[in-house]
Amino acid sequence: MQLKILSGNEAIAYGALEAGLHVATGYPGTPSSEVLGTLARLAPEYGFYAEWSTNEKVALEVAAGAALSGARALVTMKQVGLNVAADALMTLAYLGVVGGLVLVVADDPGPHSSQNEQDTRLFGRFAKVPVLDPATPREAKAMTVFAFDLAERLQLPVILRPTTRVSHVCQEMDVCPAYRPRPVEGFRQDPRWVCMPSLAAQRHVWLNTVQEQVAALLGESPFNFATVAGEAGIIACGVSFNYIREALRLLGQEVSVLKIGTPYPLPEKPVVDFLRRMKRVLVVEELEPVVEDQVVAMAWRHGLRLSIAGKRDGTVPREGEFDVDRVAPIVAAFLGVPYRQIPKTLPPPLPRRGPVLCAGCPHRASFYIFKEAAQGMDVVFTGDIGCYTLGLAPPLEAVHTCLCMGAGIGMAAGIHRVNPGKKCVAFIGDSTFFHAGLPGLINAVYNRAEIVVVVLDNRTTAMTGHQPHPGTGRTATGGETAVVDIASLARACGVTYVREVDPFDTDTALVTASEALRHSGPAVVVMKSPCTKLVKPITRYRVVTERCVGCEECIRKVGCPAFLPGAEGPVIGSDCTGCGLCAAVCPADAIERVTE
Ligand code: SF4
Ligand code: SF4
């Protein structure tokens, strides 16, 4: 045993190692990314397989293939990634598994870095697969080991659902570095693996019947426990349990608490035992009333007369991330005790700074070039998920829509259909192109959509922590691999106008962008330049005050955060990476390379 301080995501990875996993797959997405990042780091040393897959559905399919062969497999994604994997999951629950299959789906209440706040526990209920909701990193590790055993015992995939706080906080814990995978039986043919409609009808009955067994097994787990101290009680799920404990300490109150770590299916025995001893309860959980609705149903089924407060009566909010400050007044009101917010000593407020592309980001140049080339044209710019959503910020303002991974291409085609006078330009990142962009591009070719697809290729998956993808020539574990070339792929799809250009070669890039905008039929421009965080800056630029005419074109057109206001005009700060875009824009030749 070793004592380590691990984040929740690292703890899950070590839990999977302890459980003897054979295969780990995933697609990066905050707050989940470090689970597979850690496993990819450990894989060469311990000898299991880890990959970044092209999207979450593929990741689940790879894991499912391994699990049908008797291997233990872990899949990682964020909550919106489960929408992509849902098609595979819904049927995999019918098929079942042989080896343990665990989906780590990290939820993002807040949301801090997501396009919505969806609650994965509802997906678990929809797919009828068990969901485990850890309260702490230590529990996340224990639950991972438990989840593999449970999945094998039930022959059902299991979802582990950490939330941002659990994924990213750190805790000390025992880690057993021993890796003892069992031998894998190998794939055996079974008619059960072909989900024909007649089989699906039978398996649906099995899936429904097994739910009670699942709940019973979860009821025996150590992740639900109660402390009883009076007839007013609180039921808290996942990370909310910590906030409740802290709130009760602040309020100086001792009340009954039932901690729930297995929200779906909610085990009946511990809950009903708790309810029988209460006159009234408050259910506290982030996002949807998943536990609360099951508690209400259990109370009704057992004819228990008690009041249940929570989200349904408006006592507990249904949106956003909780913390002690949000939870404490709710608990105080429920208990009828006074609560006075303790004034905190806050650090001085930071200057307000909107989300912007990094100083020197090559794709600030890409947005700028397409805006310049589109001057005088009626253009809609559809955006996508990733760093490039930041293209919406002033002064670029080149992202008019953003829906979900890969959607920019399809949306551009849809907008063009009903606005034939408009030119539609879809910006998409390289990783996103492989994830979900390709089907949209094929659709555009097939249906002759008059759109321009601009792949902002920065040679990495930048926003989630620089994970490799099929265009980088590197695997998750750092090995060399084939490079899937985006331009060749676009040509193979039937796009007749395909160009690759360096966005910092502004003259060539402008000519290319103008041609693409005037091309009839779908056009693809791959703007290729590495993420500024991957290349060491070799120089800087500075404003020569004597030549500066104060037009502020550099600020109004480029918007690089390295620019600072100065008494005698703009100055360039130490963030400058020397990309030279501002120098290309300056009409007075007042920005020059620093030569030391
Ligand atoms: S674009 Fe050039 S001249 Fe205009 S404000 Fe910036 S540095 Fe000065
Ligand atoms: S050269 Fe100009 S645009 Fe590029 S990073 Fe430096 S200040 Fe920003």
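Calculation rules
Residues numbered from 1 in each chain as written. Chains lettered and ligands numbered in written order. Predicted model: local features only at pLDDT ≥ 70, side-chain atom pairs only at ≥ 80, totals over all residues. Heavy atoms only, no water. Helix = DSSP H or I, 4+ residues; strand = E, 2+ residues; numbered from the N terminus. Rg over C-alpha atoms; globule rule 2.2 N^0.38 Å. Buried < 20%, exposed > 50% of the residue type's maximum accessible area, 1.4 Å probe, protein only. Contact = heavy atoms within 4.5 Å. Lys, Arg positive; Asp, Glu negative; His and termini not counted. Charge placed at Lys NZ, Arg CZ, Asp CG, Glu CD. Phe/Tyr/Trp six-rings, centres within 6.5 Å; stacked < 30°, edge-to-face > 60°. Lys NZ or Arg CZ within 6 Å of the ring centre and 35° of its normal. Pairing = 2+ DSSP bridges. Right-handed = clockwise from strand over helix to strand, strands pointing away. Axes fitted to C-alpha atoms, helices over the stretch in contact; angles between N-to-C directions. Parallel < 35°, antiparallel > 145°, perpendicular 65-115°, else oblique. Left-handed = near helix turned anticlockwise from the far one by under 90°. Nonpolar A, V, L, I, M, F, W, Y, C, P; charged D, E, K, R; others polar. Near = heavy atom within 4 Å.

Draft legend 1. Molecular detail of the overall build of the protein chain. If you tally the helices and strands in the protein chain, you get 19 helices and 22 strands. Taken over C-alpha atoms, the radius of gyration comes to 27 Å for the protein chain, in line with the 25 Å a tight globule of 596 residues would show. Principal-axis analysis of the C-alpha atoms gives the protein chain an extent of 80 × 65 × 55 Å. When each of the 596 residues of the protein chain is scored for burial, the buried share is 56%. Considering only intrachain contacts with a sequence separation of at least 6, the fraction spanning at least 24 residues in the protein chain is 79%. Side chains of the protein chain carry 56 positive and 59 negative charges; the gap between the two charge centres is 3 Å.

Draft legend 2. A look at the packing of aromatic side chains. In total, this model carries nine aromatic pairs according to the counting rule given. When the ring of F123 is compared with that of F126, the centres are 6.1 Å apart and the planes differ by 40°; the resulting orientation is tilted. Remark: F126 and F123 occur in helix α5 (residues 120-127); sequence separation between them is three residues, near one turn of the helix. Take F123: its relative accessible area is 15%, and that puts it in the buried class. You can call F126 exposed: its relative accessible area is 57%. A network of ring pairs unites the aromatic residues F367, F370, F381 and F427 as a single cluster. The ring centre of W206 lies 3.9 Å from the NZ or CZ of R203, which sits over that ring. Stacked on the ring of Y497, the Lys or Arg R499 has its end atom at 4.1 Å from the ring centre.

Draft legend 3. Representation of the pairing of strand β4 (residues 73-78). Across the six residues that make up β4, a large majority, six, are buried. Here β4 shows no split at all, with A73, V75 and M77 on one side and L74, T76 and K78 on the other all buried. Both strand β2 (residues 23-26) and β4 contribute to a ladder of four bridges, which runs parallel. Bridge pairing links A24 to L74 in β4. As judged from the six bridges shared by β4 and strand β5 (residues 101-106), these two strands associate in the parallel manner. Paired with T76 across the bridge in β5 is V104. For the crossover from β4 across helix α4 (residues 79-95) to β5, the handedness is right-handed.

Draft legend 4. Up close: the packing of helix α9 (residues 240-251) against helix α12 (residues 324-335). Contact geometry for α9 and α12: axes closest at 9 Å, N-to-C directions at 60°. Relative to α12, the element α9 is oriented oblique. In this structure, α9 crosses over α12, and the sense of that crossing is right-handed. Here Y243, I244, E246, A247, L248, L250 and L251 of α9 lie close against α12, whose contacting residues are V324, V327, A328, V331, A332 and L335. Partitioning the contact of α9 with α12 into residue classes produces 12 nonpolar, no polar and one charged.

Draft legend 5. Inspection of the site of ligand 2 at higher detail. Neighbouring ligand 2 are the residues G360, Y541, C560, A562, F563, I572, C576, T577, G578, C579, G580 and C582. Counted by class, the shell around ligand 2 contains eight nonpolar, four polar and no charged residues.

Draft legend 6. Here's a closer look at the side chain of T163. Structurally, the position occupied by T163 is in the loop between β7 (158-160) and α7 (164-168). Not counting chain neighbours up to four residues away, the residues in contact with T163 comprise D107, P109, V239 and E286.

Draft legend 7. View of the sheet that holds strand β17 (residues 497-501). Spatially, β14-β15-β16-β18-β17 is the arrangement adopted by the five strands of the open sheet, whose pairing is parallel. Edge positions in the sheet fall to β14 (379-382) and β17, since each has one partner strand and no second. On average, each strand axis in the sheet is inclined to that of its neighbour by 15°, with strand direction left out of account. Running at roughly 175° to strand β15 (residues 423-429), helix α14 (residues 407-418) makes contact with β14, β15 and β16 (451-457) of the sheet. Packed onto the sheet, helix α17 (residues 506-518) meets β15, β16, β17 and β18 (523-528) and runs at close to 165° relative to β17.

Draft legend 8. Examining the sheet that holds β2 more closely. Read across the sheet, six strands follow the order β3-β2-β4-β5-β7-β6 without closing on themselves; strand pairing throughout is parallel. On the outer flanks of this sheet lie β3 (49-52) and β6 (131-132), each paired with one strand and no other. Across the sheet, α4 touches β4, β5 and β7, and the angle it forms with β4 is around 140°.

Draft legend 9. The arrangement of unusual backbone geometry in detail. In this model, T30 is joined to P31 through a cis peptide bond whose omega is 15°. Among the structural elements, P31 can be located in the loop between β2 and α2 (34-46). Following P394, the chain continues into P395 via a peptide bond in cis, with omega recorded as 5°. Locating P395 in the fold gives a position in the loop between β14 and α14. Phi angles above zero are rare outside glycine, and L287 is one such case at about 70°. When you line up the elements, L287 lands in the loop between β12 (280-284) and α11 (290-301).

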